[in-house]
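Here's the letter readout for the chains.
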Amino acid sequence: MSVIEKIRRKAALSMKRIALPEGSEPRTLAAAAVLRDESLCRPVLLGNPGEIRAAASLAGVDIRDIEITDPASHPRAEAYAETLYELRKKKGMTPESARALAKDPMHCGVLMVKCGDADGLVSGAVHSTGDMLRPALQIIKTKPGTKIVSSCVLIDCPNKSLGEDGLLIFSDCVVVPCPDAAELADIAISTADTATTLCGIEEPKVALLSFSTKGSASHELVTKVREAAEIAHGLRPDLLLDGELQFDAAISPEVGELKAPGSPVAGHANVLIFPDLQSANIGYKIAQRIGGAEAFAVLQGLAKPCNDLSRGCSVGDIVNTVCMTAVQAQA
Ligand code: ACO
């Protein structure tokens with residue numbers, strides 16, 4: 001069974017409540033109907049009810065029995081505004097601006113999650129990554145013990161001899177442009193935890209990638225990766241983790257044995273930590289477009305799950321992202 005099918009089945013076990021702030025967007029409406037029909041979770045469409053019903057009718061989507069919440073007249077609007085004001089007053093927010101923002105569907109959805117009125121949120125079919133991420137970073141913040149929010153992409157490869165039965169987890173492909181060594185260590189630990197909680201990988205094998213393997217090259221970029229591996233190892237000695245490793249040394253048993261003999265990870269890595277956002281983002285798109293892999297992105301490190309979509313997403317992508325969010329909420 002593919003990793004996404006396992007995640008869909010796991011999501012269905014708990015029927016989490018997931019807020020969808022882009023409530024009148026046609027693909028989101030169609031995804032909400034699939035989630036209802038397949039009993040995968042309880043979607044909540046946010047927006048003006050009249051506009052949502054009109055959009056559903058135009059798109060030919062039956063939204064009966066799907067909850068609609070209007071941020072403009074939400075019964076908890078005042079409590080959300082108060083929460084937002086308390087969180088952001090040191091940053092210059094006034095009670096009036098908090099009241100206005102709490103009525104914006106994206107902020108309302110994030111506040112629902114913050115206040116426990118929804119288990120998670122999925123958005124981004126319309127909004128950019130930054131517009132979706134900023135409210136989540138500012139309101140939900142990081143989970144205890146995690147310094148930064150990052151992301152990972154589940155790469156389900158056609159070649160099942162790679163990683164965990166064909167599954168490799170790449171990070172950070174979406175959020176942190178230039179992590180320093182401590183941030184890279186944080187990303188490595190978060191990704192190992194996501195491998196376990198979301199994908200059921202009991203023994204993540206984490207490789208911190210570079211253009212050098214175990215000192216084969218010297219450069220400040222290599223030093224950063226080596227330092228990150230040392231920091232991560234110090235923080236989580238229980239994890240199987242090694243770096244710096246080249247990509248081939250990380251995933252090919254023959255090359256790993258040759259270039260990094262004795263490594264607990266080389267040749268068998270299932271979690272691949274790239275040194276920065278450019279390499280990670282390019283890397284996952286190469287795996288997808290040239291390698292024929294399926295790719296599923298999630299955020300990690302937030303105290304409660306919120307996930308971003310690509311603006312080019314399909315209905316299936318939204319359903320999958322909502323299911324991943326629901327499984328993250330179970331943890
Ligand atoms: N973890 C935790 N908190 C963070 C993080 C992080 N990674 N990044 C920013 N923050 C916090 C800041 O400390 C700040 O908090 P504060 O307001 O309480 O002081 C708040 O979030 C906003 O931070 P800014 O620096 O003002 O926000 P910025 O404009 O830098 O945006 C963002 C942050 C959106 C994550 C930015 O780093 C970014 O644009 N990243 C790249 C996103 C992207 O385009 N990805 C690739 C495309 S997506 C794809 O291909 C699937």
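Since this is a predicted model, take the numbers as computed values, not measurements.

**Describing helix α13 (residues 315–330)**
Every α-helical turn comprises 3.6 residues, leaving residues that sit three or four positions apart pointing alike. Taking 1.5 Å of rise per residue, the 16 residues of α13 would be expected to cover 22 Å, and the 23 Å separating its terminal C-alpha atoms lies within 8% of that figure. Burial in α13 covers these residues: Ile318, Val319, Asn320, Thr321, Val322, Cys323, Met324, Thr325, Ala326, Val327 and Gln328.

**Some remarks on the pairing of strand β5 (residues 150–156)**
Taken across its 7 residues, β5 has 7 buried, putting it largely inside the fold. Where burial is concerned, the two faces of β5 agree: the one with Ser150, Cys152, Leu154 and Asp156 and the one with Ser151, Val153 and Ile155 are both buried. In this sheet, strand β10 (residues 294–300) lies alongside β5 in antiparallel orientation, the contact comprising 7 bridges. Bridge pairing in β10 places Ile155 opposite Ala295.

**Examining the domain arrangement of the chain**
Segmentation of the chain into domains returns domain 1 (3–141 + 303–330) and domain 2 (150–295). Put simply, the middle of domain 1 and the middle of domain 2, counted by C-alpha atoms, are 31 Å apart. When domain 1 packs against domain 2, the two sides together hide about 660 Å² of surface, and 75% of this comes from carbon and sulfur. Applying the counting rule to domain 1 against domain 2 returns 0 salt bridges. Counting across the interface, domain 1 meets domain 2 through 1 residue pair in polar contact (both at pLDDT 80 or more). For the side of domain 1 that touches domain 2, the elements supplying multiple residues, two or more each, are α1 (3–12), α7 (129–140) and α13.

**Observations regarding a negative patch on the surface**
Judged by side-chain charge, Glu164, Asp165, Glu202 and Glu203 come together as a negatively charged surface patch. Relative to the elements of secondary structure, Glu203 occurs in the loop between α8 (181–197) and β7 (205–209).

**Quick notes on the site of the ligand**
Taken together, the neighbourhood of the ligand is formed by 18 residues, with Arg88, Lys91, Val149, Val174 and Val175 sitting nearest. Between the ligand and Lys91, the relevant distance is 2.8 Å, taken from an oxygen atom to a side-chain nitrogen or oxygen of the residue. Between a nitrogen atom of the ligand and a main-chain N or O atom of Val174, the distance comes to 2.7 Å. Across the complex, the protein chains shield 61% of the 990 Å² of accessible surface that the ligand would expose by itself. Among the elements that take part in the shell around the ligand, α7 stands out by supplying 6 residues, more than any other.

**A look at the nonpolar core**
Judged by nonpolar contacts, the single largest core of 87 residues is most densely connected at Ile7, Leu154, Ile169 and Leu208. Here this core takes 8 residues from α8, the largest share from any one element. Domain assignment of the residues forming this core places at least three in each of domain 1 (3–141 + 303–330) and domain 2 (150–295). Excluding its chain neighbours within four sequence positions, the residues that come into contact with Leu208 are Leu184, Ala188, Val225, Ala228, Ala229, Leu241, Asp242, Gly243, Glu244, Leu245 and Ile273. Core analysis: the second largest hydrophobic core is formed by 22 residues, Ile155, Leu168, Phe170 and Cys173 among them.

**Description of the packing of aromatic side chains**
The tally for this structure, following the rule as stated, stands at 1 aromatic pair. Ring plane angle 50° and centroid distance 5.0 Å describe the contact between Phe170 and Phe274, whose orientation is recorded as tilted. Residue Phe170 is found in strand β6 (residues 167–171), and its partner Phe274 is found in the loop between β9 (271–273) and α12 (277–289); the two are separated by 104 residues along the sequence. Using a relative accessible area of 3% as the deciding quantity, one classes Phe170 as buried.

**Re the packing of helix α2 (residues 26–37) against α13**
Any two packed helices are characterised by how steeply their axes cross, that is the angle between the axes, and by the distance between the axes. Between α2 and α13, whose axes approach to 8 Å, the crossing angle comes to 55°. Between α2 and α13, the angle falls in the class oblique. The crossing of α2 and α13 is right-handed. Contacts from Arg27, Thr28, Ala30, Ala31, Val34 and Leu35 of α2 reach α13 at Val315, Ile318, Val319, Val322 and Cys323. In terms of residue class, the contact of α2 with α13 is made up of 9 nonpolar, 1 polar and 1 charged.

**Some thoughts on the sheet that holds strand β3 (residues 67–69)**
Taking strand neighbours across the sheet as the criterion, the 5 strands line up as β3-β2-β1-β4-β11 in an open arrangement whose pairing is parallel. The outermost strands of the open sheet, each flanked by one partner alone, are β3 and β11 (306–308). Averaged over all adjacent pairs, the angle separating strand axes in this sheet is 25°, with direction ignored. Judged from the 3 bridges that link them, strand β4 (residues 120–123) and β11 form a sheet pairing that is parallel. Following the sheet pairing, Val122 is matched in β11 by Asn307. The sheet contacts of α2 involve β1 (17–20) and β2 (42–46), and relative to β2 the element is tilted by about 155°.

Quick notes on the rules
- Each chain has its residues counted from 1, following the order in which its sequence is written.
- In keeping with the model being predicted, local features are shown solely for residues with a pLDDT of at least 70 and side-chain atom pairs are shown and tallied solely at 80 or more, while totals for entire chains, interfaces and linings include all residues.
- The side-chain values count all of the structure's non-hydrogen atoms but skip hydrogen atoms and water molecules.
- Counting from the N terminus, the helices are DSSP H or I runs at least four residues long and the strands are E runs at least two residues long.
- By this rule, a helix spans an expected 1.5 Å times one less than how many residues it contains.
- Note on exposure labels: buried denotes an accessible area under 20% of the residue type's maximum, exposed denotes more than 50%, and partly exposed covers the range between, all computed with a 1.4 Å probe on protein chains only.
- Any two strands with at least two DSSP-identified bridges between them are counted as paired.
- The source of the domain bounds is an automatic or database domain assignment.
- Here the quantity called buried area is the accessible surface, traced with a 1.4 Å probe, that two parts lose on coming together, added over both.
- For salt bridges, the criterion is a side-chain nitrogen of Lys or Arg within 4 Å of an Asp or Glu carboxyl oxygen.
- Definition of a polar contact: a pair of N or O atoms within 3.5 Å, with one able to donate and the other able to accept a hydrogen when the atoms are protein atoms, and with sequence-neighbouring residues admitted only if both atoms are side-chain atoms.
- Each patch is built from residues lacking any salt bridge and having more than 30% relative accessible area; the joining distance is 9 Å for like charges and 5 Å for nonpolar side chains (Val, Leu, Ile, Met, Phe, Trp, Tyr).
- In short, Shrake-Rupley with a 1.4 Å probe defines the accessible areas, and a residue's cover is counted only from the protein chains shown.
- As used throughout, the charge tally considers Lys and Arg to be positive and Asp and Glu to be negative, leaving His and the chain termini uncounted.
- In this description, the location of a charge corresponds to atom NZ of lysine, CZ of arginine, CG of aspartate or CD of glutamate.
- For each residue, the test is whether any non-hydrogen atom lies within 4 Å of the molecule or strand; if one does, the residue is near.
- Put simply, buried Ala, Val, Leu, Ile, Met, Phe, Trp, Tyr and Cys residues joined by side-chain atoms within 4.5 Å make one nonpolar core.
- We call two residues in contact whenever any of their non-hydrogen atoms come within 4.5 Å of each other.
- Working definition: rings of Phe, Tyr and Trp (its six-membered ring) pair if their centres are within 6.5 Å, and the pair is stacked with planes under 30 degrees apart, edge-to-face with planes over 60 apart, and tilted otherwise.
- Fitting a line to C-alpha atoms yields each axis, with helices limited to the stretch in contact; the angle taken between N-to-C directions then spans 0 to 180 degrees.
- Any angle between 65 and 115 degrees counts as roughly perpendicular, while under 35 counts as roughly parallel, over 145 as roughly antiparallel, and the rest as oblique.
- Left-handed describes a crossing in which the near helix is turned anticlockwise from the far one by less than a right angle; the clockwise case is right-handed.
- Each residue is assigned to one of three groups, with Ala, Val, Leu, Ile, Met, Phe, Trp, Tyr, Cys and Pro labelled nonpolar, Asp, Glu, Lys and Arg labelled charged, and all others, Gly among them, labelled polar.

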